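Okay, here's what each chain looks like letter by letter:
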Amino acid sequence: MKQVKISRPILVDHVARIEGKAGIEVMVSNKQVSSVQMNIFEGPRFFEAITVGKKVEDAVAVFPRICSFCAAAHKITAVEAAEAALGVEPSDQTKRLRELLYIGDYIESHALHLFFLAFPDLLGYHDALSMAGDYSDTVKAGIALKDVGARIQSVIGARYIHQENLLIGGFGKIPGKAQMGALKDELASLKSASELASDILINFSNWKELDSPRLHLAIAPDDGRYTMYGSHIHASSDTSFPMKDYRKHILEHVVEHSFAKHCRYDPGGSKKKNEPSIFTTGALSRYTLNKRSLTNRAKERSIMNKDHLDPSNPLSNNFAQAVELIHYIDLAHNLASELAETIDENERPVKYDPQKGGIGAVATEAPRGLLTYLLDIDGTGRIKNADVITPTAMFLPMMEKDVGRMAQSLVDGGISDPSIIAPKLETVVRSYDPCVSCSVHVTTVK
Amino acid sequence: MRPLIVSIGNPFMRDDGIGQAILIELKDRGVDADLIDLGTDMLRLSLYGEGYCDIVVLDSLRGAGLAGEVLSFSGEGIVRSLDSRMRSAHRMGSIEALEVLRSFKQSLKGARFHFVGIVADDISIGEGLTEDVKRAVPVAADIVCGLLFDISDAQG
């Protein structure tokens, strides 16, 4: 049997820096894709390990380093896991500020992914800079949206890359009414810019060769609001489970070819008819399961473009993020408006006893999907055990399936040149917006 | 006007934390400049770089020289000599980001950029710089201090 190995590293962050540690490998034998492996080098295991033995307050300051683009997501989820463990109930104002902070993360992350990474792909440019000449208004809108997301995080989190103002029990310093008022005005001015991403994506149809029914998981909104919070995780298979029980239902397992663990969903109970299934999570899953709760403007945009939001096609994730950009600009504007009127700048964090100890498990919706944290705190207030599952670890098996589907369709169409196949596979991977140990940066000397 | 000094990188990826290590050294020396850690996203300069005439970027380098070697570039030499146009799944390279910002952010168009970096040895998950790189941090800080003197001198 003749084997043709199509192997090309995808330019995810660390790939260009830690050679041989990551990439896509597709094996084709007799014109059939025989295996697809995403070799992922992911950091959470390291962060879980180095936080063991640290004071819980120090540990929650380390976790945001897992991903500099989802630093707020990691910080908020870690803090809330610590609060669940220690029995701390933050104030309603703290919850609203955290929600706005988290939304800032969403806006920044989605704007970066769509305007600077996905659009150059779709519009046929090498990078954002070369796209900028022909699409200057688009790039300016992307920068403005990314800026407002970053500013929200800066105002609430103080140092926005690590959110050091966010503490167990509350915030160190509460932002003022004037700061909230300025955010409200900036957000109002960006409502039309938030529609630009979907305006562009309307021109691109999903690749039909990727169509395949899939299982989606997302947090179910408790109060009918489409946010990152909820007490249950539900699935498109009409099953659900309490988010604190995530370890019983989201099963991690080691695969030989990747540093990252892979996940499968086990509905448990009477619904357990089959083996645990691979699943996906992220903007498309949230849209698919929670679309009734979108703001009116986002709902209208999605209703008009259902073909671009097909739950069976991973490229729909781009459009789902574009819909979320509209939704979260509206939601952030509403929250900032409310806080500009009501915020109590003198509120102090809830007091707690770290030596109470306990186990807390929490799931939230990070920009790219479900994020779970379990913190086990001992009687001295130190971390005994930590467990973090990132969205990428959850959707990785599904992403491999989609890469295989795409590769097979290209091979079936008579294409065997890796230089043609690889960019298509990269586009599929990029649609998932994976976070692959992104927290690294090196500049190369030419 | 005080210059802005920004670091890029992640101290939990060993030598990727070069930028932060130089920034800490400069903070300890009490330099007369504003210091900000941008994490791994140069585009964040869009928010923090407004109003500065001189911006110094601290980063780890590869592709030139031996581990621990300190290199510095200024003005157009940055774009001519450096490259980080990796279009990753999750973010863009810092030099590409810098070019986008210089093209589209009015407030950054007039700024002069300087770049100081150390050639990295080990970029992998872990804490602490490698020995050669650690020894080069004060040297890099000296170069930044020299730059700050020149900037101040030029401003009169």
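Residues numbered from 1 in each chain as written. Chains lettered and ligands numbered in written order. Predicted model: local features only at pLDDT ≥ 70, side-chain atom pairs only at ≥ 80, totals over all residues. Heavy atoms only, no water.

A. A look at the sheet that holds strand β7 (residues 232-235) of chain A. Residue and element names in this part refer to chain A. Across the sheet, which stays open at both edges, the three strands sit in the order β6-β7-β8 with antiparallel pairing between neighbours. The open sheet has two free edges, formed respectively by β6 (217-220) and β8 (240-242), since each of these has just one partner strand. On average, each strand axis in the sheet is inclined to that of its neighbour by 30°, with strand direction left out of account. For β7 and β8, the ladder comprises three bridges, and the chain directions are antiparallel. Following the sheet pairing, Ile233 is matched in β8 by Phe241. (Pairing = 2+ DSSP bridges. Helix = DSSP H or I, 4+ residues; strand = E, 2+ residues; numbered from the N terminus. Axes fitted to C-alpha atoms, helices over the stretch in contact; angles between N-to-C directions.)

B. Geometry of the nonpolar core. Counting residues in each nonpolar core, the largest one holds 144 residues, and the members touching the most others are A:Phe63, A:Ile107, A:Phe115, A:Met180, A:Leu217 and B:Leu45. Each residue touching A:Phe63, except ones within four places of it in the same chain, is listed here: A:Phe47, A:Glu48, A:Thr51, A:His74, A:Ala78, A:Tyr373, A:Leu375, A:Ala386 and A:Val388. Counting residues in hydrophobic clusters, the runner-up holds 25 residues, among them B:Val31, B:Leu58, B:Val144 and B:Ile151. (Core = buried A, V, L, I, M, F, W, Y, C linked by side-chain atoms within 4.5 Å. Buried < 20%, exposed > 50% of the residue type's maximum accessible area, 1.4 Å probe, protein only. Contact = heavy atoms within 4.5 Å.)

C. Here's a closer look at the environment of B:Gly77. Residues and elements named next belong to chain B. Tracing the chain through its elements places Gly77 in helix α3 (residues 77-81). The exposure class of Gly77 is buried, given its relative accessible area of 9%. For the pair Gly77 and Phe115, spaced 38 residues apart in the sequence, the C-alpha separation amounts to 9.3 Å.

D. Representation of the packing of aromatic side chains within the structure. Residues and elements named next belong to chain A. Under the defined criterion, the tally for this structure stands at 10 aromatic pairs over all chains. With a centroid separation of 5.3 Å and 65° between ring planes, the pair formed by Phe115 and Phe119 is classed as edge-to-face. Highlighted residues: Phe115 and Phe119, both in helix α4 (residues 92-123), separated by four residues, approximately one helical turn. Judged by its relative accessible area of 0%, Phe119 is buried. Here the aromatic residues Tyr102, Tyr106, Tyr226, Tyr229 and Tyr328 are joined through ring pairs into a cluster of three or more. Above the face of the Trp207 ring, Lys424 is positioned so that its terminal group lies 4.8 Å from the ring centre. (Phe/Tyr/Trp six-rings, centres within 6.5 Å; stacked < 30°, edge-to-face > 60°. Lys NZ or Arg CZ within 6 Å of the ring centre and 35° of its normal.)

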